[in-house]
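These are the residues of each chain, in order.
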Amino acid sequence: MSTHVKKPGWFTVNVLNRLVAWLTRRGLSVWGSRVLAVRGRKSGQWRTTPVNLMTLDGAQYLVAPRGHVQWTHNMRTAGGGELRLGKNVEVFTATEVADDDKPPLLRAYLKRWKAEVGAFFNGVGPDSSDEELRRIAPDHPVFRITVTN
């Protein structure tokens, strides 16, 4: 497994993420944003972060543009969590997508959010070949979400 991580800077952590999470908690989705809540793999405490929920062909996915970050490790251990938008809470299970199955998902994600996250994909974009998308696939965990409530 890749250990690729692009840590966010101070402005992202302290301004952008907080603003998006604040708006999302109040029911205003910013380009598909949700607040992801997942139990910490060591503490068992709920951990939250804003994420972009992608829907493709009727299925929902979470993509980790910054790589193998804390929420992806927690998701693997917990096997699911909650997606929050205002007062609406969707409990879900998560299944990690295999690298060979990621190219169409990464392409769709980049089509929608490249302006926001493109810098984390090392020059690969929505118009890149399947081969290029497959090359970066191990660096970007993708989870299929199944709502259970």
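Rules used in this analysis
Residues numbered from 1 in each chain as written. Predicted model: local features only at pLDDT ≥ 70, side-chain atom pairs only at ≥ 80, totals over all residues. Heavy atoms only, no water. Helix = DSSP H or I, 4+ residues; strand = E, 2+ residues; numbered from the N terminus. Rg over C-alpha atoms; globule rule 2.2 N^0.38 Å. Buried < 20%, exposed > 50% of the residue type's maximum accessible area, 1.4 Å probe, protein only. Contact = heavy atoms within 4.5 Å. Areas by Shrake-Rupley, 256 points an atom, 1.4 Å probe, with all protein chains shown as cover. Lys, Arg positive; Asp, Glu negative; His and termini not counted. Charge placed at Lys NZ, Arg CZ, Asp CG, Glu CD. Polar contact = N/O pair within 3.5 Å; in protein donor to acceptor, adjacent residues only side chain to side chain. Patch = residues over 30% accessible without salt bridge, like charges linked within 9 Å, V, L, I, M, F, W, Y side chains within 5 Å. Salt bridge = Lys/Arg side-chain N within 4 Å of Asp/Glu carboxyl O.

Under an unreviewed UniProt entry, the name given to the protein chain is Nitroreductase family deazaflavin-dependent oxidoreductase, and the source organism is Streptomyces incanus.

J.: Would you explain the overall build of the protein chain in this entry?
T.: Of regular secondary structure, the protein chain possesses four helices and six strands. In sequence order, the protein chain lays out its α and β elements as α-β-β-β-α-β-β-α-α-β. A compact globule built from 149 residues should have a C-alpha radius of gyration of about 15 Å, and the protein chain, at 15 Å, falls within 12% of that. Burial status across the protein chain gives 44% buried among its 149 residues. When contacts within the protein chain are restricted to residue pairs at least 6 apart in sequence, long-range pairs at least 24 apart make up 64% of them. A total of about 8200 Å² of accessible surface is found on the protein chain, and carbon and sulfur atoms cover 51% of it. Charged side chains of the protein chain number 22 positive and 13 negative; the gap between the two group centres comes to 12 Å.

J.: Would you explain unusual backbone geometry in this entry?
T.: Negative phi values dominate among residues other than glycine, just as trans dominates among peptide bonds. The backbone of Asp57 shows a phi angle near 50 degrees, a positive value even though the residue is not glycine. Mapped onto the fold, Asp57 is located in the loop between strand 2 (46-56) and strand 3 (59-63).

J.: How should I be thinking about the side chain of Thr24 in this particular structure?
T.: Along the polypeptide, Thr24 turns up in helix 1 (residues 10-25). Residue classification places Thr24 among the buried residues on the basis of a relative accessible area of 0%. In this structure the side chain of Thr24 is engaged in a polar contact, spanning 2.8 Å, whose partner is the side chain of Ser33. Those residues in contact with Thr24 that sit more than four places away from it in its chain are Ser33, Arg34, Val35, Arg84, Leu85 and Gly86.

J.: Just to check I follow, could you spell out a nonpolar patch on the surface for this structure?
T.: There is a patch of nonpolar side chains on the surface, built from Trp10, Phe11, Val15 and Leu16 and spanning about 420 Å² of accessible area. Within the fold, Phe11 resides in helix 1.

J.: Explain the pattern of salt bridges to me, please; I cannot follow it from the model alone.
T.: A side chain with one charge may pair with a side chain of the opposite charge, provided their charged atoms come close. Scanning the entire structure with this criterion turns up four salt bridges. Close ionic contact of Glu96 with Arg76 constitutes a salt bridge, the shortest N to O distance being 2.8 Å. One end of the pair, Glu96, is in strand 5 (residues 88-96); the other, Arg76, is in helix 2 (residues 70-78), and 20 residues separate them in sequence. For Glu96, a relative accessible area of 35% puts it in the partly exposed group. A salt bridge links Asp99 to Lys102; its shortest N-O distance comes to 2.8 Å.

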